[in-house]
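# Secondary and tertiary structure notes
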Amino acid sequence: MKTALLTGVTGQDGSYLTELLLERGYMVHGIVRRSSTFNTNRIDHLCGEEAHPHLTLHYGDLADSIALSRLINTLQPDEVYNLGAQSHVKVSWDQAEYTADVTGVGVLRLLEAIRDVQERTGKGIRFYQASSSEMYGSTAPPQGLATPFHPRSPYACAKVYGFWQTVNHRESYDIFACNGILFNHESPRRGETFVTRKITRAVGRIKMGLQKKLSLGNLEARRDWGHARDYVEAMYLMLQHEVARDYVVATGTAYSVREFAQRAFALVDLDWEEYVEVNPKFFRLAEVEHLLGDPQDTCDTLGWKPQTSFDQLIEEMVETDMEMARRERVLHDAGLSLCLAGVGNE
Ligand code: NAP
Ligand code: F7E
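On a predicted model such as this, the values are computed, not experimentally measured, just so you know.

Now for the overall build of the protein. Along the backbone of the protein there are 11 helices and 13 strands. The C-alpha atoms of the protein give 20 Å as radius of gyration, which agrees with the globular expectation for 346 residues (20 Å, within 12%). Along the three orthogonal principal directions, the C-alpha set of the protein runs to about 60 × 50 × 40 Å. Across the 346 residues of the protein, 53% fall into the buried class. Intrachain contacts of the protein at a sequence separation of at least 6 include 80% that bridge at least 24 residues. For the protein, the centre of its 36 positive side-chain charges and the centre of its 47 negative side-chain charges are spaced 3 Å apart.

See below:
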């Protein structure tokens, strides 16, 4: 039985990858950061009352090299997937140093712990780094492995650092380390402050009479949006391949935020223009205007291809968020509220 260790197990991708690895017979260990409120809702079906016997959670943090080292040394996993990060681009301007530490230096901490085990015991540990299309920033589309990086945020700078540390550990210490340069991927489990989920949540709440307007920033930004469930399959395949290298994971088609909103509102027979307003507080200090990935080489090498179309993705998200809004409406009518207030500028 293979063993995998995941950072970011409580996140969108962590939840889908955990399901995939458990289905394929892995023993899965996940690192959870301590929080004052529960943060395992995306994996509660696997670690709650009817816990999966092959899933174990451990406290840890990408800022805590001692805890990371101890875990890697004790578990000596076959594969480590580094999905943990301060992953919100806009927040990274507010928390630049923290983002550099967790999203950037966190990668080095894991790689050094792996190197230590490999050098002392000879045990090879395969490493996946969650690199990002944000690293391309203002470089013109389409973006592929040969495209130069031009990061446009503290988040993207931290990811570029993590990318090169991963390459460097592969080339210097012969660690089987891969970067997956993933373009945006979404799902009903997407965090509610990313634009797609912010839109589909609002669609549900507006339709159910719980919200009047949706405030957004730059409607013209274009993204290559895929489904997270499809993309974790690519991560897994990278670590099964005979050669350690880097990959681009994308659909090869891009749409604007405006188009996403238009289609999401149309699914519930609403005209998006009546509800969406532009608020400059959601603009970025430096915008990434157009991301469009070229996944051909990845499809050829790994035999991977995206399974979910743009419209299917939106439909699945709207359907889930309509259901959530229906339940919220029932609570609302009973004088209760499900809607949690955030900081509100993301
Ligand atoms: P996500 O939903 O925001 O999940 C991030 C995960 O990182 C959460 O489990 C979070 O824990 C954890 N985390 C945050 N700070 C941490 C720390 N200091 N120590 C340990 N763990 C920490 O992100 P995602 O969408 O699943 O993305 C997964 C990874 O892929 C991230 O590295 C992201 O930057 C990268 N990526 C994402 C996309 C995309 O479109 N989704 C594209 C390219 C790359 P809590 O649950 O406690 O917050
Ligand atoms: O923004 C625009 C915004 O926050 C997408 C992360 O997973 O993917 C994600 O980063 C676009 C941007 O994702 C709002 O300006 C308009 O152009 O959903 P997002 P992101 O910044 O692309 C990459 C690949 C990652 O690696 C990251 O971890 O939408 N936009 N209005 C808005 N964005 C937000 N969040 N909120 C708005 O109101």
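Near ligand 1, the surroundings consist of 25 residues, among which Thr10, Asp13, Asp61, Ser87 and Tyr155 are the closest. Contact between ligand 1 and Asn39: an oxygen atom at 3.0 Å from a side-chain N or O atom of the residue. Asp61 is positioned with one of its side-chain polar atoms (N or O) 2.8 Å from a nitrogen atom of ligand 1. Protein coverage of the free-state accessible area of ligand 1, which is 900 Å², stands at 90%. Those elements giving two or more residues to the shell around ligand 1 turn out to be helix H1 (12-23), helix H5 (96-121), strand S5 (126-132) and helix H6 (154-173). A total of 3 residues in the shell around ligand 1 trace back to one element, the largest contributor, which is S5. Here the residues of the shell around ligand 1 sort into 9 nonpolar, 11 polar and 5 charged.

What follows is about the pattern of salt bridges. All chains considered together, the criterion is met by 24 salt bridges. The residue Arg120 makes a salt bridge to Asp116 at a minimum N-O spacing of 3.3 Å. Within this pair, Arg120 and its partner Asp116 are both found in helix H5, separated by 4 residues, close to a single helical turn. Sharing partners across several salt bridges, the network here consists of Glu192, Arg201, Arg205 and Glu328.

Once that is clear, we can look at the site of ligand 2. Taken together, 24 residues surround ligand 2, and among them Ser132, Tyr155, Lys198, Arg284 and Glu287 come closest. One nitrogen or oxygen atom from the main chain of Val195 is found 2.8 Å from an oxygen atom belonging to ligand 2. Separating an oxygen atom of ligand 2 from a side-chain N or O atom of Glu287 is a distance of 2.6 Å. Starting from 700 Å² of accessible surface for ligand 2 in isolation, the protein chains cover 96%. Mapped onto the shell around ligand 2, the elements with two or more residues apiece are helix H7 (195-207) and strand S8 (214-216). Within the shell around ligand 2, the residues separate by chemical class into 8 nonpolar, 9 polar and 7 charged.

A word on the packing of aromatic side chains. Across all of its chains, the model carries 13 aromatic pairs by this definition. Taken together, a centroid distance of 4.9 Å and an interplanar angle of 85 degrees make the contact between Phe163 and Trp164 edge-to-face. Put simply, the rings of Tyr136, Phe149, Phe163, Trp164 and Phe183 pair up and form one aromatic cluster. Above the ring of Tyr16, the side-chain terminus of Arg189 is found at 4.1 Å from the ring centroid.

Before going further, it helps to examine the sheet that holds strand S3 (residues 55-59). Pairing is parallel in the open sheet, where 7 strands are placed in the order S3-S2-S1-S4-S5-S6-S11. A single partner strand is all that each edge strand has here, and the edge strands are S3 and strand S11 (247-249). Across the sheet, the mean angle from the axis of one strand to that of its neighbour is 20 degrees, orientation sign disregarded. Sitting on the sheet, H5 is in contact with strand S1 (3-7), strand S4 (79-82), S5 and strand S6 (177-182), with an inclination near 170 degrees to S5.

Here is what the cut-offs are and how they apply
Residues numbered from 1 in each chain as written. Chains lettered and ligands numbered in written order. Predicted model: local features only at pLDDT ≥ 70, side-chain atom pairs only at ≥ 80, totals over all residues. Heavy atoms only, no water. Helix = DSSP H or I, 4+ residues; strand = E, 2+ residues; numbered from the N terminus. Rg over C-alpha atoms; globule rule 2.2 N^0.38 Å. Buried < 20%, exposed > 50% of the residue type's maximum accessible area, 1.4 Å probe, protein only. Contact = heavy atoms within 4.5 Å. Lys, Arg positive; Asp, Glu negative; His and termini not counted. Charge placed at Lys NZ, Arg CZ, Asp CG, Glu CD. Near = heavy atom within 4 Å. Polar contact = N/O pair within 3.5 Å; in protein donor to acceptor, adjacent residues only side chain to side chain. Areas by Shrake-Rupley, 256 points an atom, 1.4 Å probe, with all protein chains shown as cover. Nonpolar A, V, L, I, M, F, W, Y, C, P; charged D, E, K, R; others polar. Salt bridge = Lys/Arg side-chain N within 4 Å of Asp/Glu carboxyl O. Phe/Tyr/Trp six-rings, centres within 6.5 Å; stacked < 30°, edge-to-face > 60°. Lys NZ or Arg CZ within 6 Å of the ring centre and 35° of its normal. Pairing = 2+ DSSP bridges. Axes fitted to C-alpha atoms, helices over the stretch in contact; angles between N-to-C directions.

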